[in-house]
Amino acid sequence: MKKISFAFIVLLTTHFISFSQSATDKRLLSFSVGPAFPLGDFGNKNVDNSRSGFASTGPFLTVEYSFPVAKKFGLVFALHGQNHPLATSKLEEEFADVNIYPVFWTSDPTQPLPKKTYPNWKFDKGSWWLASAMVGGYGFFATKNPKLSFITKGMIGVAYSVMPAFEGSSITDTATATLTQESEDAFAFNFSVGGSFRYLLSKKLYLLGGLDWRGTNSFRYDAVTTQITTTRGTPGTPEYSVSQSVHRRPRLQKIHTLNPRIGIAVQL
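Rules behind the numbers
- Residues numbered from 1 in each chain as written.
- Predicted model: local features only at pLDDT ≥ 70, side-chain atom pairs only at ≥ 80, totals over all residues.
- Heavy atoms only, no water.
- Helix = DSSP H or I, 4+ residues; strand = E, 2+ residues; numbered from the N terminus.
- Buried < 20%, exposed > 50% of the residue type's maximum accessible area, 1.4 Å probe, protein only.
- Contact = heavy atoms within 4.5 Å.
- Pairing = 2+ DSSP bridges.
- Axes fitted to C-alpha atoms, helices over the stretch in contact; angles between N-to-C directions.
- Salt bridge = Lys/Arg side-chain N within 4 Å of Asp/Glu carboxyl O.
- pLDDT = per-residue confidence, 0-100.
- Phe/Tyr/Trp six-rings, centres within 6.5 Å; stacked < 30°, edge-to-face > 60°.

Side note on the overall build of the protein
What the protein contains, in helices and strands, is 3 helices and 13 strands. Scored against the burial criterion, the 268 residues of the protein give a buried share of 43%. When contacts within the protein are restricted to residue pairs at least 6 apart in sequence, those whose partners lie at least 24 apart make up 73%.

Encoded structure:
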């Protein structure tokens, strides 16, 4: 995906630079929104992959302030936020095939319990959150149409993310299983590349549209605690058993997304 994004920017620049004129860019405050499509492990929905994010497509908002420092080059500062709901239906589907090993039981400890799968999982809704502050540079390319211009941009910055809590349960007449995993937050470096067009609607108002690839290095959530509790049988009978395991370990997660966007810009 990195190669695709880079190739997109190079192609866009090569195609439109031949139309560039001597026009100078303006100081602009812009607002963009759109869907953020999760990529790689972040969008993976396989429970056997420890870095699967089970992230769905979610909305984003970007606010940018840009100003020229040369005829075809400028600087840009941005604040960005996006949200990705958990793919709970895929979590439920995946956990229906997970073998859970009891590690403690309370009825007859002389009879070890075999591993078991649990059906009919239901997970509560949750979301990944990402916020970042970024700075970078952009290239400005005017065209023969005085109202239309094209922009290529690269940025780096710091991102803050919150991973969702995972809370699910499987309940039948003869067995239950519950899983809880606490929410954690972390910081990482953020980077993006993209290309866009800008169309003048009125004296100081522009229509924007484009495509950005956004990524981070690994967020490290240091103390992710996961608890699994299972029961079998009817309470009060000799066959009744309870098992519980608690794990506390760090988790690494990269967040990569593809963000088509549309918005407006106001000349300052």
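Quick word on the sheet that holds strand 3 (residues 73–85)
If you trace the 8 strands once around the closed barrel, you get 1-2-3-5-6-9-10-13, paired in antiparallel fashion. This sheet shows a mean twist of 25° between the axes of neighbouring strands, independent of strand direction. In this structure, strand 10 (residues 205–216) lies alongside strand 13 (residues 256–267), joined through 10 bridges in antiparallel fashion. Along strand 13, the bridge assignment pairs Leu-208 with Gly-263.

Concerning the environment of Val-63
Following the sequence through the fold, Val-63 ends up in strand 2 (residues 58–70). Since its relative accessible area comes to 26%, Val-63 is described here as partly exposed. Along the backbone, Val-63 and Ser-32 are 31 residues apart, and their C-alpha atoms lie at a distance of 6.6 Å. Look past the residues within four positions of Val-63 in its chain and what remains in contact with it is Leu-29, Ser-30, Phe-31, Phe-77, Ala-78 and Leu-79.

Quick look at the sheet that holds strand 11 (residues 219–232)
Pairing in this open sheet of 5 strands is antiparallel, and the strands run 4-7-8-11-12 from one edge to the other. The two strands at the open ends of the sheet, each matched to only one other strand, are strand 4 (121–123) and strand 12 (241–253). Sheet twist, expressed as the average angle between the axes of neighbouring strands with direction ignored, equals 15°. As defined by bridge partners, strand 8 (residues 175–181) adjoins strand 11 across 7 bridges and the pair is classed as antiparallel.

Quick word on the pattern of salt bridges
Tallied over the full model, the rule gives 5 salt bridges. A salt bridge links Asp-222 to Arg-220, with the shortest nitrogen-to-oxygen separation between them at 2.7 Å. A residue is classified by how much of its surface remains accessible, and Arg-220, at 46% relative accessible area, is partly exposed.

Examining the confidence of the model for the protein
Of all residues in the protein, 85% have pLDDT values of 70 or greater, and the mean over the chain is 87. Ignoring residues within four places in sequence, the model shows residues 103–111, a span with pLDDT below 50, making 18 contacts including any to other chains.

Overview of the packing of aromatic side chains
Any aromatic ring pair is given by two values, namely how distant the centres are and how the planes are angled relative to each other. Considering all chains together, one arrives at 10 aromatic pairs under this definition. Ring geometry for Trp-121 versus Phe-123: centroids 5.7 Å apart, planes at 20°, classification stacked. Comparing Trp-121 with Phe-123, the two get one shared label, buried. On the basis of an interplanar angle of 45° and a centroid distance of 5.0 Å, the ring pair of Tyr-160 and Phe-187 is categorised as tilted. Of this pair, Tyr-160 sits in strand 6 (residues 148–163) while Phe-187 sits in strand 9 (residues 184–200), and the two are 27 residues apart along the sequence. The exposure class of Tyr-160 is partly exposed, given its relative accessible area of 31%. With a relative accessible area of 60%, Phe-187 lands in the exposed category. Taken together, Phe-42, Trp-128, Phe-219 and Tyr-221 form an aromatic cluster joined through their ring pairs.

Let's talk about the pairing of strand 2
Examined bridge by bridge, strand 1 (residues 28–39) and strand 2 share 9 bridges and lie antiparallel to one another. Looking at the pairing, Ser-30 lines up with Glu-64 of strand 2. Examined bridge by bridge, strand 2 and strand 3 share 10 bridges and lie antiparallel to one another. Residue pairing in the sheet places Phe-67 in a bridge with Leu-75 of strand 3.

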